[in-house]
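Below are the chains, spelled out letter by letter.
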Amino acid sequence: MTAPHGFSVSRYAPERGTLAKLAARDSVLRRLDWPILLSALALSGIGSLLVWSATRGRTELNQGDPYYFLFRHVLNTGIGLALMIGTIWLGHRTLRGAVPILYGLSIVLILAVLTPLGATINGAHAWIVIGGGFSLQPSEFVKITIILIMAMLLAAKVDAGDQLHPDHRTVAKALALAALPMGIVMLMPDLGSVMVMIVIVLGVLLASGASNRWVLGLIGAGVLGAVLVTAFGMLDEYQINRFAAFANPDLDPAGVGYNTNQARIAIGSGGLLGAGLFKGSQTTGQFVPEQQTDFVFTVAGEELGFVGAGLILVLLGVILWRSCRIARETTELYGTIVAAGIIAWFAFQSFENIGMTLGIMPVAGLPLPFVSYGGSSMFAVWVAIGLLQSIRVQRPMTA
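Remember, it's a predicted structure, so these values are computed and weren't measured experimentally.

Rules and cut-offs
- Here the residue index of a chain counts from 1 through its sequence in written order.
- Side-chain atom pairs in this predicted model are given and counted only at pLDDT of 80 or more, local residue features only at pLDDT of at least 70, and totals for whole chains, interfaces and linings cover all residues.
- To get the side-chain values, all heavy atoms of the structure are used, and hydrogens and water are removed first.
- Working definition: helices are DSSP H or I runs of at least four residues, strands are E runs of at least two. Numbering for both runs from the N terminus.
- Burial here depends on accessible area, computed with a 1.4 Å probe over protein chains only, as a share of the maximum for the residue type. Under 20% is buried, over 50% is exposed, and the range in between is partly exposed.
- In this analysis, two residues are considered to be in contact whenever any of their non-hydrogen atoms come within 4.5 Å of each other.
- For the area figures, the Shrake-Rupley method with a 1.4 Å probe applies, and any residue is considered shielded solely by the protein chains shown.
- Axis definition: a line fitted to C-alpha atoms, limited for helices to the stretch in contact. Angles are taken between N-to-C directions and run from 0 to 180 degrees.
- Our angle categories are set so that under 35 degrees counts as roughly parallel, over 145 as roughly antiparallel, 65 to 115 as roughly perpendicular, and the remainder as oblique.
- Each crossing gets its hand from how the near helix is turned against the far one by less than a right angle, where anticlockwise is left-handed and clockwise is right-handed.
- Gly is placed with the polar residues, together with every amino acid not listed as nonpolar (Ala, Val, Leu, Ile, Met, Phe, Trp, Tyr, Cys and Pro) or charged (Asp, Glu, Lys and Arg).
- For Phe, Tyr and Trp, where Trp contributes only its six-membered ring, two rings pair if their centres lie within 6.5 Å, and the inter-plane angle classes them as stacked under 30 degrees, edge-to-face over 60, or tilted in between.
- The rule is short: NZ of Lys or CZ of Arg within 6 Å of the ring centre and within 35 degrees of the ring normal puts a charge over the ring.

Below, the discussion takes up the overall build of the protein. A tally of regular secondary structure across the protein gives 16 helices and three strands. For the protein, with 399 residues in total, the buried portion stands at 49%. Within the protein, contacts between residues at least 6 apart in sequence are counted, and of these 72% link residues at least 24 apart. A total of about 18300 Å² of accessible surface is found on the protein, and carbon and sulfur atoms cover 69% of it.

If you want to describe how two helices pack, look at the angle between their axes and the distance between the axes. Contact geometry of helix α7 (residues 139-159) with helix α9 (residues 191-208) gives a least axis separation of 10 Å together with a crossing angle of 20°. Classified by the angle their axes make, α7 and α9 are roughly parallel. Along this stretch, α7 crosses α9, giving a crossing that reads as right-handed. In this structure, α7 contributes Ser139, Val142, Lys143, Ile146, Ile147, Met150 and Leu154 to the contact, and α9 contributes Ser193, Val196, Met197, Ile200, Val201, Val204, Leu205 and Ser208. Here the residues of the contact of α7 with α9 are counted per class, giving eleven nonpolar, three polar and one charged.

Here the focus is the packing of aromatic side chains. A complete count under the given rule lists seven aromatic pairs for this structure. Seen in terms of ring centroids, Trp52 and Tyr67 are 5.4 Å apart; in terms of plane orientation they differ by 35°. Their pairing is tilted. Within this pair, whereas Trp52 is found in helix α3 (residues 34-55), its partner Tyr67 is found in the loop between α4 (59-62) and α5 (68-90), the two being separated by 15 residues in sequence. A centroid spacing of 5.2 Å and a plane angle of 80° characterise the contact between Tyr68 and Phe69, whose relative ring orientation is edge-to-face. Just as Tyr68 is buried, Phe69 falls in that class too. By the ring-pair criterion, three or more aromatic residues cluster together here, those being Trp345, Phe346, Phe370 and Trp382. Here Arg96 stacks its cationic end above the ring of Tyr334, 4.2 Å away from the centre of that ring. For Arg322, the ring lying beneath its charged end belongs to Trp321, and the centroid distance is 5.1 Å.

Here the phi dihedral of Gln63 falls at roughly 55°; this positive angle occurs in a residue that is not glycine. Its location among the elements puts Gln63 in the loop between α4 and α5. Overall, Gln63 belongs to the exposed group, its relative accessible area being 63%. With phi around 60°, Gln286 is a residue other than glycine that occupies positive phi space. Of note, Gln286 is situated in the loop between α13 (281-284) and α14 (296-329).

Before going further, it helps to examine the packing of α3 against α14. One way to put it is that α3 packs onto α14 with a least axis distance of 9 Å and a crossing angle of 160°. One finds that α3 runs roughly antiparallel with respect to α14. Note that α3 runs across α14; the crossing there is left-handed. Of the residues in the contact of α3 with α14, the class split is 20 nonpolar, three polar and two charged.

For Met361, the position within the fold is in the loop between α15 (333-358) and α16 (375-393). For Met361, a relative accessible area of 17% corresponds to the buried category. In this structure, the C-alpha to C-alpha distance between Met361 and Thr260, residues 101 residues apart in sequence, is 9.8 Å.

Looking at where Thr293 falls in the secondary structure, it is placed in the loop between α13 and α14. When near neighbours in sequence (up to four residues on either side) are disregarded, Thr293 contacts Ser372 and Tyr373.

Okay, structure coming up:
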């Protein structure tokens, strides 16, 4: 049969077949968690505007190009999306077999930071300078490998049907493997990342069904470790000053308490609707340090007001809510643990970042997921989104 104008109908059959596959109930596109994906994209888009507003007038940072940080933030988001797609394509189950290799690679990278390859940025010796204005923070990827290595160990016998819950020996091995990279990161010292990793480990243990004695013991060990670290002077002076400023904001308003005080002024001046994008006096006056990274939420508070800042919280809440659904609905413990670790990571890091700008948490140098400028952090959170999507896509279909 020949269609009008001489076109053969059979030539278009493959296209219809492809579209039908994409629209099928069991297609990858249909099975993706779109609320998570769209919320993460919206946060990255908002972050692009906030980073642009915070840096367009900073000639000492943007090399005279007001679009310098905007372009790089969008580029980082694009690379992050590619990493997410790659993670979904490989699948969390395929990556499960490569976890030991990924774990070993992450150890090598964070050890490299302690060599002459490492660089100090904003007081933390936690970076590897690649060149061309790019740098790598390996501790961001360690968060992922800790989740994966612990999930692999804790879920192995349970998913195989040999046990109902991880035994004490397995839990001890998982904690030891998590403690190794955490100890190395502490030597940098990168206290903020270690705090996130501790919360991740707690979330993983709770999701795995391990005995509550391990959870209580880990909390006790964390308190004891904090006391010992302080007593033996393992913290750098700038870290001690941050905690001192948190305990007493009026201690040194022009010194150690400057960041927090200026951040609160910026957010408080925004009111309900904000001063308008690019119109914040604190932002244009460059009163808040590191406003494109750790203190990016202050730009939202000042220029977008309570409504704009609240939108960021809502979008983060959607990601956490849908992630909880993925963790609950998966049929394998491995997937549940991975999702729970990501939830603990995103929830604590978001709370800490926003909390430090409001003065209810100490300054810890943690970026706001998807919003803050930074390649390593952006790549890591999008890989995490890829893992969540893979867990959802690969779960069994219900009738």
